[in-house]
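Chain by chain, the residues:
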Amino acid sequence: MNADTPRREDLQLGREIVGRINELAAISEDPARLTRLFLTAEHRAAAELILDWMRQAGMSAHMDPIGNVRGRYEGERDGLPALMLGSHYDTVVDAGKWDGPLGLITAISGVADLHRRGLKLPFAIEVVGFADEEGVRFASTLLGSRAVAGTFDESVLSVRDRAGISLREAVKAFGLDPGQIAKAARVRGDLLGYLELHIEQGPVLEQENLPVGVVTAIAGATRLAARLTGMAGHAGTVPMQLRRDALAGAAECIHVIEELCRADASGLVGTVGYIHASPGATNVIPGEAAFTIDMRAPSDIHRERAVTGIVHRIEEIASRRQLGLQIDVTHENRTAPCAPWLRAQIAEAIAAEGFRAFDLPSGAGHDGMAMIDVADVGMIFVRCRGGVSHHPDEHVELADADAGARVLLRLVENFRPQTGAQ
Ligand code: HGY
Ligand code: MN
Ligand code: MN
C-alpha cells in the first residue's frame with residue numbers, strides 16, 4: 001500500500017481484530033471480571049494464543065525471558081533492522097478488554113495482511129506483547145518493556161506481591177530464568193522505531209468526532225506506597241482523644257490528596273487506588289493502614305513538586321496523630337515525548353485514510369515510556385466510547401478498530417526510516 005493506495009472499505013481488518021479481542025478477553029482469572037496478571041496461568045494461556053496468531057501471520061515467534069511474546073516478520077532479506085510494533089497483554093483488575101490487546105492484535109493483523117499479500121518490506125517488523133505494563137501484581141510497572149529497552153532493574157526481583165511471592169520466585173515458577181532477563185534487551189541500532197496503537201482512554205477523540213489521533217507525549221507518573229502505624233484497641237472502650245487510629249489517619253491523607261489535586265488548575269491528578277486496614281474487625285480500632293498513591297501531571301517538574309508537597313502533608317498528619325509513617329516511591333516514570341518524525345508519518349497515514357490528523361497528549365502511561373530508552377516512539381490513539389477505560393464498559397466500535405488498523409498498516413507500508421542519528 002502506498003500513499004495513493006485506495007482506502008479499504010470492507011472492515012475485514014476490524015472484524016478479525018474484534019474477534020480476537022473477544023477470544024483473548026475470555027482468558028481471565030475471574031470469569032466475571034477480566035483480570036489477567038503477570039506470571040500467572042492466565043498470562044501463560046494468553047501468551048500461547050498470541051504466539052499462535054503471530055505464527056499464522058508469517059512471523060517467527062517466541063516468549064522472551066521475562067514473559068513478553070515476540071514475533072518477527074523478516075524484510076526483503078533476513079536480518080534487516082526492525083520497526084517494532086506492540087502493546088501489552090496484561091490487564092488491571094476488572095478490566096476492559098481493549099486496553100493493551102487492541103494495539104497488539106492490530107499489529108499482528110497488520111503483519112498477517114502483509115503476509116497474505118506476500119509483501120516484504122525493506123525492513124523487518126517485530127511485534128512485541130508486553131507482559132506487565134499495568135504493574136498490578138508487583139507494584140512496579142513496565143517490567144516487560146524495560147527488559148526490552150535494557151533498563152530492567154534487577155532489584156525489582158526482590159519485590160513481593162500481596163501473597164508474599166517475590167518477582168524472582170514468580171519468574172521461576174512460571175518456568176523462566178531470572179538470570180536470563182537481560183537477554184530480552186534490544187539495542188538502539190536494531191530498531192528503526194517503536195510504534196504503539198492504543199485506545200485513548202479519554203474523551204477527546206469522541207468530542208472531536210475522530211476515530212484516531214496522533215499522540216504528542218505520554219505523561220509521567222509517580223507511584224507511592226504509604227503505611228501508617230497506630231495502636232489497635234477496643235472500639236467500645238478507648239476514648240476518641242486517646243486513639244491512634246491508622247485508618248482515620250489514612251482517610252485524612254486521602255482527603256488532603258484529593259483536595260490538593262482538585263485545587264490545582266493545571267491538570268494534576270492524584271489517586272488512591274488501594275487501601276488495606278488491619279486487623280480488619282468491626283470492633284477493633286485499626287492499628288495499621290496501607291495505601292497506594294498515583295500522581296500525574298502534564299510536566300515532570302509539576303508532578304515532582306506536587307509529590308513533595310503531598311508527602312510533607314502526610315508527614316504532618318502522621319506526626320499530629322502520633323502515627324508511624326513509612327512512605328516510599330515504588331515507581332517513577334518521566335514524561336515521554338513522541339518523536340516529531342514519527343508523528344509526521346502517523347499524521348500522513350491518518351490523512352491518507354481520509355481523517356483529520358489531530359494531536360493530543362496521553363494522560364495514561366504506556367510502554368513507550370520505557371521503549372524511549374532504545375528507540376524513538378510514536379503512538380496512534382483510537383477512540384473509545386465515553387473515554388471509559390480500566391472498567392468493563394470500555395468499548396471500541398468496529399469501524400474505529402478498523403480505521404486504526406488501516407492507519408497502522410498504511411503507516412508501516414509507507415514507513416521511511418529516519419536518516420542520520422538513530
Ligand atoms: O496507569 C496507566 O496509566 C496505564 O494504564 N498503566
Ligand atoms: Mn491500562
Ligand atoms: Mn494500556
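Per chain, the residues get numbers from 1 upward, laid out in the order the sequence is written. By the order in which they are written, chains take letters starting at A while ligands take numbers starting at 1. With pLDDT at 70 or above as the cut-off, local features in this predicted model cover only qualifying residues; side-chain atom pairs require 80 or more to be listed or tallied, and sums for whole chains, interfaces and linings still use all residues. Note: side-chain values were computed over all heavy atoms of the structure, leaving out hydrogens and water.

Overview of the domain arrangement of the protein
Move 1: The domain boundaries here were taken from an automatic or database domain assignment. What the domain assignment reports for the protein is domain 1 (12-218 + 336-413) and domain 2 (220-333).
Move 2: Contacts are assigned to residue pairs that have any heavy atoms within 4.5 Å of one another. On the domain 2 side, the residues contacting the 13 residues of domain 1 number nine residues.
Move 3: Accessible-area loss on putting two parts together, using a 1.4 Å probe and summing over both, is the definition of buried area adopted here. Between domain 1 and domain 2, roughly 740 Å² of surface is buried when both sides are summed, and carbon and sulfur atoms account for 39% of that area.
Move 4: The largest share of the area that domain 1 buries against domain 2 comes from Ala139, Arg162 and Met369, three residues that together contribute 45% of it.
Move 5: Take a side-chain nitrogen of Lys or Arg and a carboxyl oxygen of Asp or Glu: if they are within 4 Å of each other, that pair is a salt bridge. For the pair domain 1 and domain 2, the interface holds zero salt bridges.
Move 6: Whenever a nitrogen or oxygen atom comes within 3.5 Å of another N or O atom, the pair is scored as a polar contact, on the condition that within protein one atom can donate a hydrogen and the other can accept it, and that pairs from neighbouring residues in sequence are kept only if both atoms are in side chains. The tally of links from domain 1 across to domain 2 stands at six residue pairs in polar contact (both at pLDDT 80 or more).

Topic: the coordination of the manganese ion (ligand 3)
Move 1: Donor criterion used throughout: N, O or S atom within 2.8 Å of the metal, extended to 3.2 Å for Na, K and Ca. Water excluded; incomplete-looking sites may result. Distances from the manganese ion (ligand 3) to its protein donors, His88 (NE2), Asp99 (OD) and His198 (NE2), fall within 2.0 to 2.3 Å.
Move 2: The sequence pattern describing where the donors of the manganese ion (ligand 3) fall on their chain is H-x10-D-x98-H.
Move 3: Here the manganese ion (ligand 3) and the manganese ion (ligand 2) are spaced 3.5 Å apart, with aspartate 99 acting as a shared donor. Taken together, the residues histidine 88 in strand E3 (residues 82-88) and histidine 198 in strand E5 (residues 191-199) connect sequence positions 110 residues apart.
Move 4: Accessible area is worked out with a 1.4 Å probe on protein chains only. A residue is then buried under 20% of its type maximum, exposed over 50%, and partly exposed in between. Using a relative accessible area of 2% as the deciding quantity, one classes histidine 198 as buried. In this text, helices come from DSSP runs of H or I with a minimum length of four residues, and strands from runs of E with a minimum of two, each type numbered from the N-terminal end.

Things to note about the nonpolar core
Most often, soluble globular proteins keep nonpolar side chains buried together rather than apart.
Move 1: Take the buried Ala, Val, Leu, Ile, Met, Phe, Trp, Tyr and Cys residues and link them wherever side-chain atoms come within 4.5 Å; each set so joined is a nonpolar core. Counting residues in hydrophobic clusters, the biggest one holds 76 residues, and the most contacted among them are Met54, Leu102, Ile125, Val127 and Leu167.
Move 2: Sorting elements by how many residues they give to this core places helix H3 (residues 101-116) first, with eight residues.
Move 3: Dropping the residues within four chain positions of it, methionine 54 is found in contact with Met59, Ala61, Val69, Arg70, Gly71, Leu104, Ile108 and Val127.
Move 4: Listed in part, the 27 residues of the second largest apolar core include Ala82, Phe130, Ala149 and Phe358.

Quick word on the layout of surface pockets
Move 1: Buriedness for pockets is judged along seven lines, at least five of which must meet protein on both sides within 12 Å for an open set on the 1 Å grid over protein atoms alone, while cavities are sets there where a 1.4 Å probe fits but cannot get out, and lining residues have an atom within 4 Å of a point. Grid points are joined across faces, edges and corners, and a volume is the space filled by probe spheres set on the points. Considered as a void within the structure, the second largest pocket measures approximately 200 Å³ in volume.
Move 2: In terms of lining residues, the second largest pocket is bounded by Ala217, Ile218, Ala219, Gly267, Val269, Arg296, Ala297, Pro298, Thr335, Pro361, Ser362 and Gly363.
Move 3: When residue character is reported, Ala, Val, Leu, Ile, Met, Phe, Trp, Tyr, Cys and Pro are called nonpolar, Asp, Glu, Lys and Arg charged, and the others, Gly included, polar. Of the residues in the lining of the second largest pocket, the class split is seven nonpolar, four polar and one charged.
Move 4: Residue assignment places the lining of the second largest pocket across two domains, with domain 1 (12-218 + 336-413) and domain 2 (220-333) each supplying three or more.

Focus: the side chain of arginine 223
Move 1: Considering the arrangement of structural elements, one finds arginine 223 in strand E7 (residues 221-229).
Move 2: It turns out arginine 223 is buried and unbridged, and the closest side chain with the opposite charge, aspartate 294, is 4.2 Å from it.
Move 3: A polar atom in the side chain of arginine 223 sits 3.0 Å from the backbone oxygen of glutamate 134.
Move 4: For arginine 223, the side chain forms a polar contact with the main-chain oxygen of serine 140, separated by 2.9 Å. None of His or the chain ends enter the tally, which takes Lys and Arg as positive and Asp and Glu as negative.

Notes on the site of ligand 1
Move 1: Within the structure, ligand 1 sits among Glu133, Glu134, Arg296, Ala364, Gly365 and His390.
Move 2: Between ligand 1 and glycine 365, the relevant distance is 2.7 Å, taken from an oxygen atom to a main-chain nitrogen or oxygen of the residue.
Move 3: Where accessible areas are quoted, they stem from the Shrake-Rupley method and a 1.4 Å probe; at the residue level, only the protein chains shown are allowed to cover. Contact with the protein chains removes 92% of the 210 Å² of surface that ligand 1 exposes when unbound.
Move 4: In terms of residue class, the shell around ligand 1 is made up of one nonpolar, two polar and three charged. Note on definitions. A residue lies near a molecule or strand when any single heavy atom of the residue is within 4 Å of it.

Examining the pattern of salt bridges
A side chain with one charge may pair with a side chain of the opposite charge, provided their charged atoms come close.
Move 1: Evaluation of the coordinates by the stated rule reveals 30 salt bridges.
Move 2: Arginine 117 is the salt-bridge partner of glutamate 413, the closest N and O atoms lying 2.5 Å from each other. Of this pair, glutamate 413 sits in helix H11 (residues 398-413) while arginine 117 is found in the loop between H3 and strand E4 (124-130), placing the two residues 296 residues apart along the sequence.
Move 3: Given a relative accessible area of 11%, glutamate 413 falls into the buried group.
Move 4: Salt bridges sharing common partners tie together Glu16, Asp113, Arg116, Arg117 and Glu413.

Points about the coordination of the manganese ion (ligand 2)
Move 1: Around the manganese ion (ligand 2), the protein contributes the donor atoms Asp99 (OD), Glu134 (OE) and His390 (NE2), which lie 2.1 to 2.2 Å from the metal centre.
Move 2: All donors of the manganese ion (ligand 2) come from a single chain, and their spacing in sequence reads D-x34-E-x255-H.
Move 3: Since its relative accessible area comes to 42%, histidine 390 is described here as partly exposed.

A look at the packing of aromatic side chains
The description of an aromatic ring pair uses the distance of the two centres, along with the angle that the planes make with each other.
Move 1: When two rings of Phe, Tyr or Trp (its six-membered ring) have centres within 6.5 Å they constitute a pair, described as stacked for plane angles under 30 degrees, edge-to-face for angles over 60, and tilted for the intermediate range. The full count for this structure, using the stated rule, is four aromatic pairs.
Move 2: Measuring from centroid to centroid gives 5.3 Å for phenylalanine 123 and phenylalanine 415, while their planes differ by 75 degrees, and the two rings are edge-to-face. Taken as a pair, phenylalanine 123 in the loop between H3 and E4 and phenylalanine 415 in the segment after H11 lie far apart in primary sequence, 292 residues in all. An identical accessibility class is assigned to phenylalanine 123 and phenylalanine 415; each is buried.
Move 3: Each ring, one from tryptophan 341 and one from phenylalanine 415, has its centre 5.9 Å from the other, and the planes form 45 degrees; the classification is tilted. Taken together, the residues tryptophan 341 in helix H9 (residues 340-352) and phenylalanine 415 in the segment after H11 connect sequence positions 74 residues apart.
Move 4: Judged by its relative accessible area of 5%, phenylalanine 415 is buried.
Move 5: Here the aromatic cluster, defined as three or more aromatic residues joined through ring pairs, consists of Phe123, Trp341 and Phe415.
Move 6: Lysine 120 extends its terminal NZ or CZ atom over the ring of tyrosine 73, reaching a point 4.1 Å from the ring centre. Cation placement over rings: the criterion is NZ of Lys or CZ of Arg within 6 Å of the ring centroid and within 35° of the ring normal.

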